[in-house]
Amino acid sequence: MEVKIEPTWKAVLDQEFEKPYFVQLTDFVRAAYRNGTCYPPAGKIFAAFDRTPFDKVKVVILGQDPYHEPGQAQGLCFYVPPEIQAPPSLVNIAKELGHMPNLLSWTDQGVLLLNATLTVEAHKAGSHQGKGWEVFTDAVIHALASERENLVFILWGSYAQKKGAFIDETRHCVIKSAHPSPLSAYRGFFGSHPFAKANAYLQEHGQQPIEW
């Protein structure tokens, strides 16, 4: 199956695109976009990969579901355009950092902003879960964990931590804490210093830190 995705990722994931689950997933997504309003815009479903090539990834931040209100979802977890009001989780990320971050600059520096599910129906959180996206993004994480060395995986909340449970922590840095959502931010996200920890690990392994 021909999938429009950044070339280094295409080379890594090419076999995935031929598997029956991905063909079924593609049929489902096409029908969903044809018959209703879905996010992100179709051309941005693979934006995380297009902005951060496989061989440039240094840090992976794992989200769960795209935002599901107009103008929000752009194919990058936690990111919304500057003209859109920041959702609560992003506000809390900014509080932990001490400033509102430019997530696009993160992607340019090697931060993969990956949602576990890459599409969603408007106004219906989680509506495209269980359709195959999770299998695909598991394959993405497996490829990074097995083919790259000394990456940082930032796993916020139990969902992300379960999804990244197989990552070899002798080869990579895995940073875990509560999720930045208002429901859990005060239960272990605030004060967890994920960005400082990530940069310390990168520098220990001879890599440029991220300008968060």
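Read on for an overview of the structure. (Residues numbered from 1 in each chain as written. Predicted model: local features only at pLDDT ≥ 70, side-chain atom pairs only at ≥ 80, totals over all residues. Heavy atoms only, no water.)

Moving on, we come to the layout of surface pockets. There is about 640 Å³ of room inside the largest pocket. If you go around the largest pocket, you meet 35 residues; those closest to its centre are Gln64, Asp65, Tyr67, Ser89 and His179. Counting only elements with at least two residues in the lining of the largest pocket, the list comes to strand E2 (59–63), helix H4 (88–97) and helix H7 (157–163). Ranked by residues supplied to the lining of the largest pocket, first place goes to H7 with 4 residues. Within this model, the second largest pocket holds a volume of roughly 410 Å³. Along the walls of the second largest pocket sit 16 residues, with Val3, Thr26, Ala42, Ile45 and Phe46 positioned nearest its centre. (1 Å grid on protein atoms, 1.4 Å probe; cavity = no way out; pocket = protein on both sides within 12 Å on 5 of 7 lines; lining within 4 Å. Points joined across faces, edges and corners; volume = space filled by probe spheres on them. Helix = DSSP H or I, 4+ residues; strand = E, 2+ residues; numbered from the N terminus.)

With that out of the way, let us pick up the sheet that holds E2. Ordered by their spatial adjacency, 4 strands build an open sheet running E3-E2-E5-E6, and the pairing between neighbours is parallel. Lying at the two open borders of the sheet, with one neighbouring strand each, are strand E3 (111–115) and strand E6 (173–177). Across the sheet, the axes of successive neighbouring strands diverge by a mean angle of 20°, strand direction being ignored. As paired strands, E2 and E3 are joined by 5 bridges and run parallel to one another. Residue Ile61 lies in a different strand from E3, and its bridge partner there is Leu113. Here helix H6 (residues 133–147) sits on the sheet and contacts E2, E3 and strand E5 (152–156); the angle it forms with E3, its principal contact strand, is near 155°. (Pairing = 2+ DSSP bridges. Axes fitted to C-alpha atoms, helices over the stretch in contact; angles between N-to-C directions. Contact = heavy atoms within 4.5 Å.)

Bringing the state of the cysteines into the picture now. By definition, a disulfide links two cysteine residues through a covalent bond between their sulfur atoms. Inspection of every chain in the model, using the stated rule, returns 0 disulfides. Of all cysteine sulfurs, the one in Cys77 lies closest to Cys38, which takes part in no disulfide; the gap is 20 Å. Cys38 gets classed as buried once you look at its relative accessible area, which sits at 10%. Here Cys77 stays unpaired: no disulfide links it, and the sulfur of Cys173, its closest cysteine neighbor, is 17 Å away. (Disulfide = S-S within 2.5 Å. Buried < 20%, exposed > 50% of the residue type's maximum accessible area, 1.4 Å probe, protein only.)

Turning our eyes to something else, we now look at the nonpolar core. Within the largest apolar cluster, 66 residues are counted, with the highest numbers of intra-cluster contacts made by Trp9, Phe46, Ile61, Phe136, Leu144, Phe153 and Trp212. Looking at this core, the element that brings in the most residues is H6, giving 7 residues. Non-local contacts of Phe46, meaning those with residues more than four positions away in its chain, are made with Val3, Lys4, Ile5, Phe22, Leu118, Trp133 and Phe136. (Core = buried A, V, L, I, M, F, W, Y, C linked by side-chain atoms within 4.5 Å.)

Tyr39 connects to Pro40 through a cis peptide bond whose omega is -5°. If you trace the backbone, Pro40 turns up in the loop between strand E1 (38–39) and helix H3 (47–51). For Phe78, which is not a glycine, the phi torsion comes out positive at approximately 75°. When you line up the elements, Phe78 lands in the loop between E2 and H4. The backbone of His193 sits at a positive phi, close to 55°, despite the residue not being glycine. For His193, the position within the fold is in the loop between E6 and helix H8 (194–204). Looking at His193, the relative accessible area reads 48%, which means it is partly exposed.

Counted residue by residue, E6 has 4 buried out of 5 residues, so it is predominantly covered. The sheet contact formed by E5 and E6 spans 5 bridges and is parallel. Bridge pairing links Phe153 to Val174 in E6. As a crossover connection, the stretch from E5 through H7 into E6 is right-handed. (Right-handed = clockwise from strand over helix to strand, strands pointing away.)

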